[in-house]
Amino acid sequence: MSRLSESMKQELKQIQPSSILKFNQEISKVPDMVKLTLGEPDFNTPDHVKQAAIHSIENNESHYTNSRGIDGLRKAASKFLSDKYHVHYDPETQILITTGATEGIFSSLTAMLNPGDSVIIPTPIFPIYIPDTMLNGAKPIFLDTSDNGFILSPEKLQETIEANKDTVKAVVLNFPSNPTGVTYNRDEVQALADVLKQYDIFVLSDEIYSELTYGEHHVSMGELLPDQTILLNGVSKSHAMTGWRIGLVCGPADVITEIGKVHQFAITSATTNAQVAAEEAFKNGPDDGVAMRKIYQQRRDLLLAGLKDAGFECASPKGAFYLFAKIPANLNQDSAAFCYELAKEAKVAVIPGASFGPGGEGYVRISYAASTADLKKAVERIQKFVDQH
Ligand SMILES: Cc1ncc(COP(=O)(O)O)c(C=O)c1O
């Protein structure tokens, strides 16, 4: 170890590299593994989107853009969000184009947090908000939702805000949820908004899976509580564009100006050709996700039925592309140990529930963003594994 590494940022010492990526890398080396680990669409980016990017490269669009993003993309994103979710963001002042929602989360938390602040994080949840909070010298306050079907109740939210009133700066919401697939209907979003509006706190509402709901249409916190909401979205999941790295941060103009400073100093502007591609996705492919959604739903039903037969309990998820399944009582309840056993013996890779914070232990997250053939193979192998134990 070098002498100087010891003197680096203290907060980093409390933070470990992503356990999800570590597990995925380890099992990726094993031949014939069926991998249901990753949170990304297995579909290709739509052709019209690819063509737009090719033209942009050929037209030598190889320069920095406005730090907030190209006008066309901000306008197309504003229209997309308004048409789909009745949220109204001025493309000039209220939308920032980031390098994926990931950068949006980082820039937003960095812009809002002071050391000593706290952030309420309902769990199990996509873990990224936790290190981003800690890196800024703030404290995550975990709110375990596993005893309520993974739904954050307004009562529990209010109780937690009241108990931490002096330090709470923000509440994170992610719906449809990674990892549970749970989402909120209009009444549920309204009930949470009714609590939040009583306090001067932000809600960082990560709605990146908004196009992937099965049943009820997605309702955005940005519609019901625009003054306090920082809305995150993007093209990664809706248009199968994870590698293009384009996200959106939307909110009140003065808030976006502050977040825009962090964004500017960190990355200047998102990749130009990827922005052009995302503009095309929103403008001419607003429903590209619909065909994908239908296929995800069929896969979800297949996987759900197979897992239930094998003895896993699992609430029927209403969004995203994950099942959060309870490990049957006769099997190893330590989710990490269970996942290593399953990977080694059955050659099926899924993510330990413990990776998603309090309430996740005893569960596994299974991604159905995989081919039907792979899902069928996984179900057969899991069934065999269960029979043998
Ligand atoms: C809830 C959630 N937010 C954000 C992201 C990251 O999105 P992006 O690829 O746009 O950075 C993911 C990716 O898995 C996610 O599940």
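The text that follows walks through the structure, step by step, so that each part is easy to find. Please read these numbers as outputs of a predicted model, since none were measured by experiment.

1. As for the sheet that holds strand S5 (residues 168–174)
Moving on, step 1. Read from one edge of the open sheet, seven strands run S2-S8-S7-S6-S5-S3-S4, paired in mixed fashion. Edge strands, defined here as strands with exactly one partner in the open sheet, are strand S2 (95–98) and strand S4 (139–144). If you compare each strand with its neighbour and ignore which way they point, the axes differ by 20° on average.
Moving on, step 2. Pairing between strand S3 (residues 118–123) and S5: three bridges, direction parallel. Among the inter-strand pairings, Ser118 is bridged to a residue of S5, identified as Val168.
Moving on, step 3. Here helix H5 (residues 100–112) sits on the sheet in contact with S2, S5, strand S6 (202–206), strand S7 (229–234) and strand S8 (247–250), set at roughly 160° to S7.

2. Focus on unusual backbone geometry
Moving on, step 1. With an omega dihedral of -5°, the bond running from Thr123 to Pro124 counts as a cis peptide bond.
Moving on, step 2. Tracing the sequence through the fold places Pro124 in the loop between S3 and helix H6 (129–135).
Moving on, step 3. In this model, Phe175 is joined to Pro176 through a cis peptide bond whose omega is -15°.
Moving on, step 4. With respect to the element layout, Pro176 can be found in the loop between S5 and helix H8 (186–196).
Moving on, step 5. Unlike most non-glycine residues, Asp32 shows phi in positive territory, near 65°.
Moving on, step 6. Residue placement: Asp32 occurs in the loop between helix H2 (19–28) and strand S1 (34–35).
Moving on, step 7. You will see that Ala240, though not glycine, has its phi angle at about 50°, which is positive.
Moving on, step 8. Secondary-structure assignment places Ala240 in the loop between S7 and S8.
Moving on, step 9. Take Ala240: its relative accessible area is 7%, and that puts it in the buried class.

Calculation notes
- Residues numbered from 1 in each chain as written.
- Predicted model: local features only at pLDDT ≥ 70, side-chain atom pairs only at ≥ 80, totals over all residues.
- Heavy atoms only, no water.
- Pairing = 2+ DSSP bridges.
- Helix = DSSP H or I, 4+ residues; strand = E, 2+ residues; numbered from the N terminus.
- Axes fitted to C-alpha atoms, helices over the stretch in contact; angles between N-to-C directions.
- Contact = heavy atoms within 4.5 Å.
- Buried < 20%, exposed > 50% of the residue type's maximum accessible area, 1.4 Å probe, protein only.

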